[in-house]
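Observations on the model geometry
Each chain is listed here by its residues.
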Amino acid sequence: MSPSPISMPPSSLVADDTTGDSVLQKCERKAAGSTRTRRKIDLPPSSPKSPEKSDAVASSVGPNDTNYERLRLEAFNMTWSKIDTTIKEILTRVHRSLFAEVHQWALESFLALKSGEPRNAFEIQSPYPLLDDVICKQIPTAMILTKNAEFVDDMLTFQELGEHLKSKGCHIANLSAMDFCAKDGIAGCLRSLLRQLVMDAPDLADMSVLSSWYCEPENYDHPVIIVIDDMERCCGAILADFIRLLSEWVMKLPVIFIMGVATTDTAKKLLPSDALQHLQSSKFTLGSPLERMNALVEAVLVKPSFGFNIGHNVAVFMRNYFLGHDGTITSFVRALKLACVKHFSMEPLSFLGIDILDENQVFLHGKCDALPDSLLKYAFNLPSSKRGKDCTNSRDDLEEGLSDLRKLLKAWSSVILCLYEVGKHNKIQLLDIFCEATDPTLSSLDPSNHKLERSFNGQNLAEGRLDFKGGLISQLIHTVRYVLCRIHLVELPLSSLIKLLDLWSIHTEELCEVHGEVRELQSVVKSSNNGNNLKERQIDCHRMSMSLCAGRTSLSVNGKAAALLDYMVRKFLMPIECLCFHEIICFRNVDILQSALIGNPRRNIQIDLMKSTTYMKCSCCCSTENVLSPTMHDTSVMYNLAQEHGDLISLQDWYHSFKSTVLSTNKLKCPLQHSPMSKKVKSSPSESEASIQARFCRAVIELQIAGLIRMPSKKRPDFVQRVAFGL
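The structure presented is a predicted model; accordingly, all values stated were derived computationally and were not measured. (Residues numbered from 1 in each chain as written. Predicted model: local features only at pLDDT ≥ 70, side-chain atom pairs only at ≥ 80, totals over all residues. Heavy atoms only, no water.)

Let's talk about the pairing of strand β3 (residues 224–228)
In plain terms, the rule: Working definition: with a 1.4 Å probe on protein chains only, accessible area under 20% of the residue-type maximum means buried, over 50% means exposed, and in between means partly exposed. In this text, helices come from DSSP runs of H or I with a minimum length of four residues, and strands from runs of E with a minimum of two, each type numbered from the N-terminal end. Any two strands are treated as partners once DSSP identifies two or more bridges connecting them.
Counting buried positions over the 5 residues of β3 gives 5, a clear majority of the element. Alternating residues of β3 divide into V224, I226 and I228 and I225 and V227, and every residue in both groups is buried. The pairing of strand β2 (residues 171–175) with β3 spans 5 bridges and is classified as parallel. Note that in β3 the partner of L175 across the bridge is I228. The pairing of β3 with strand β4 (residues 255–261) spans 5 bridges and is classified as parallel.

Encoded structure:
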């Protein structure tokens, strides 16, 4: 997840998947003396990287398109660097209490190991273990329950745990399952242990080397902690031998284990009883993937801090992708990064997003003033801009629209966080709330006043009539007044309501229209905590100017809180895709993201081989469209020739066709400066037969590696079989 600059393709190469390449029609020919039908690949009517379309899009953007592509690349690198740093900080913060707890336990275990009978220097430095009370000595072991079916996230967590303990002065060695393989035996894990702890360690599996190292003054009086991220993937026999060996030296070497396990029974299933008796286990539990996901969504997607967000369809797809990959944060972050890459490569004005959320609008003003007319026209031709108020389509109007977008996003973020605080009472996940809050179909937008009308009835919730047709957000508003307790609906307890309003006050601090109402309600609720009956306590509605209370004289405190949340949702929870100029910061194309994540590699390989001239961009090949050229790549020539055959390809016919192509008399010279990609050295008419055969064999092997052909069998030694047809 480290931020690394990448070279993104130009927008013209990604933005449009419909270009005007000619279609290669299916060809059915009969071979002489053969009844087998020959099949040819049907290329799609559009190629995503057609140079003709690329030139058309580039010319429509403007003469300085290269400069704006550079700005988008810089904006992406800066944006993703911030997102990546935030993700690391969030995940570390989630595990901070666990790390502190494990560190405290490690210190106590270390002191317990050192509290035995003191040893002299000769005993400590002797190249053999101490003999007294060795059998009963146990190694302190922290069994950390990961709760994950996948170990990808856990690897990063255990690395961070090791770094945290190392910063506290502990000696850390991270051993993986590869160190406990049966092939290398116990010597493999000992070598890995010595390499990480002992500087210039000899390539020997000798515990006396480790003992001598620990006796040095700078190493003594610090615990040696061995971290094993996934115990289940280790070879049980090798791990058991490793534990037995270290238990013999534990009185000289204060070794402590930290092991990641999926369940509490993992160690019992993996290790024999004689190895288990050498472990003094303590249990710790990592935060669940959903807890980490809630923290990540809040920091990256809900809080508008990066000038990049995702639309409803993309959010739903990423939620399903997260759940479908056993709840691994790594899979979600990978999908988020791909969405970010696609957005900045496809959206011509995406470089403005990084300055939209900046309170100092100087940079945004400068970029808007410098926009060429083509990009300015593009901005006001966006579908969302046509829903906004009438304007003169000037640069000042664009800057004002982006400033309004920033204000609306902050209000939107505050309301979602208030909803999430309510959702915690029902264990509702923030990602689910985010998916519904971004759904543009649940709102009807009034362009004149930009007010949002939700499908639930606020009057009904104020009166306590439950109607859950409005979806998840409607249920959350009802939760403010009622919670489910033993199948009966009861009012939210006073203590919970006070805590809820305190959190609302924090989230709405920048939302002045609501913050005052929250503070006023806080004072009323806290004054009601002096023994008054909340059910009888009534609040005059005219003290709070909200249209929801029109026509009503009084409400209970819980009803007033529910009405306040309903008011916030109605006025400020505008879906991102309903905001003006949202296309600049919001990625909505779920099909492109799905294709990039799941993909169809075999299809892409076939397209690349059939249209290799599109990528090579050399004048000699491009001038002979749909005609094989001797300057083309050998593998591309071979695959194009294979289209003339059926399921089985005769090697002899294939070779002669390849030979005639590369030795054609009308061979064109390919200028080096026109070819950005290096090609193989092509043959000359005097090239030897052995050289052509070598090139032929290499191309056949490359097609086999790509999974497009199957090599000859014993029954048909002169034929290869095609295994990929159609696209």
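So much for the structure itself; the text now carries on.
Details of the packing of helix α7 (residues 185–197) against helix α8 (residues 207–214)
Stated precisely, the cut-off is as follows: The angle between two axes is taken between their N-to-C directions and runs from 0 to 180 degrees, where each axis is a line fitted to C-alpha atoms and a helix contributes only its stretch in contact. Working rule for angles: under 35 degrees goes down as roughly parallel, over 145 as roughly antiparallel, 65 to 115 as roughly perpendicular, anything else as oblique. Crossing handedness is read from the near helix: turned anticlockwise from the far helix by less than a right angle, it gives a left-handed crossing, and turned clockwise, a right-handed one. Residues are treated as being in contact if the distance between any of their heavy atoms lies within 4.5 Å. Asp, Glu, Lys and Arg are counted as charged, while Ala, Val, Leu, Ile, Met, Phe, Trp, Tyr, Cys and Pro are counted as nonpolar; the rest, among them Gly, fall into the polar class.
Where α7 contacts α8, the axes come no closer than 10 Å and their chain directions differ by 25 degrees. Considering their axes alone, α7 and α8 lie roughly parallel with respect to each other. Seen from above, α7 lies across α8 with left-handed handedness. Of α8, the residues touching α7 (which contributes L190, L193, L194 and L197) are M207, V209, L210 and W213. When its residues are assigned to classes, the contact of α7 with α8 shows 8 nonpolar, no polar and no charged.

Re the sheet that holds strand β15 (residues 709–710)
Spatial ordering of the open sheet is given by β14-β16-β15, a layout of 3 strands whose pairing is antiparallel. Two strands close off the open sheet at either side, each with one partner strand: β14 (648–650) and β15. With respect to the sheet, helix α30 (residues 651–662) is in contact with β14, β15 and β16 (719–722), its orientation differing from that of β14 by roughly 60 degrees.

Looking at helix α23 (residues 512–527)
Convention followed: What a helix should span is 1.5 Å times the count of its residues minus one.
Over its 16 residues, α23 runs 23 Å from end to end, which matches the ideal 22 Å to within 8%, given 1.5 Å per residue. Those residues of α23 that fall on the buried side of the exposure criterion are V514, H515, E517, V518, L521, Q522, V524 and V525.

Some points on the packing of aromatic side chains
For the record, the criterion: Pairs were defined over the aromatic rings of Phe, Tyr and Trp, the Trp ring being its six-membered one, requiring ring centres within 6.5 Å. Orientation was assigned from the angle between planes: stacked under 30 degrees, edge-to-face over 60, tilted for the rest.
Following the criterion strictly, the structure yields 15 aromatic pairs and no others. A centroid spacing of 5.8 Å and a plane angle of 80 degrees characterise the contact between F380 and F581, whose relative ring orientation is edge-to-face. Pair noted here: F380 is in helix α17 (residues 373–380) and F581 is in the loop between α24 (557–572) and β13 (586–587), with a separation of 201 residues, a long-range link. Here F380 falls in the buried class, since its relative accessible area comes to 10%. Residue class for F581 comes out buried when judged on its relative accessible area of 3%. Note on W654 and F696: the rings are 5.9 Å apart at their centroids and 85 degrees apart in plane angle, and the pair reads as edge-to-face. In this pair, W654 is assigned in helix α30 and F696 in helix α31 (residues 689–705), connecting sequence segments 42 residues apart. Taken as a pair, W654 and F696 share a single burial class, namely buried.

Concerning the pairing of strand β1 (residues 139–145)
For β1, the tally of buried residues reaches 7 of 7 residues, placing the bulk of the element in the interior. Burial of β1 is two-sided: the residues I139, T141, M143 and L145 facing one way and the residues P140, A142 and I144 facing the other way are all buried. Note that β1 and strand β5 (residues 279–285) share 7 bridges and pair parallel. Its bridge partner being in β5, I139 is matched across the sheet by L279. Alignment of β1 against β4, held across 5 bridges, turns out to be parallel. Residue pairing in the sheet places I144 in a bridge with G260 of β4.

Remarks on unusual backbone geometry
One non-glycine residue, D221, adopts positive backbone phi at about 65 degrees. Position of D221 among the secondary structure elements: in the loop between α8 and β3. Judged by relative accessible area, D221 falls into the partly exposed class, the value being 47%. For F581, which is not glycine, the phi torsion reads 65 degrees and is therefore positive.

A short note on the confidence of the model for the protein chain
Stated precisely, the cut-off is as follows: Every residue gets a pLDDT, meaning the predictor's confidence in that residue, from 0 to 100.
Summing up the model confidence of the protein chain, the mean pLDDT is 74 and the portion of residues at 70 or higher is 71%. In the model, residues 444–469 has pLDDT below 50 throughout and makes 64 contacts with residues more than four positions away in sequence or in other chains. With pLDDT under 50 throughout, residues 533–554 is counted as low confidence; its partners more than four residues away or in other chains account for 46 contacts.

Describing the sheet that holds β1
Within a beta sheet, neighbouring strands are joined by backbone hydrogen bonds and run either parallel or antiparallel to one another. The sheet built from 5 strands is open, its strands ordered β2-β3-β4-β1-β5 with parallel pairing. The outermost strands of the open sheet, each flanked by one partner alone, are β2 and β5. Strand-to-strand, the axes of this sheet are offset by a mean angle of 20 degrees, without reference to chain direction. Strands β1, β2, β3, β4 and β5 of the sheet are contacted by helix α9 (residues 236–249), whose axis makes an angle of about 155 degrees with β4.

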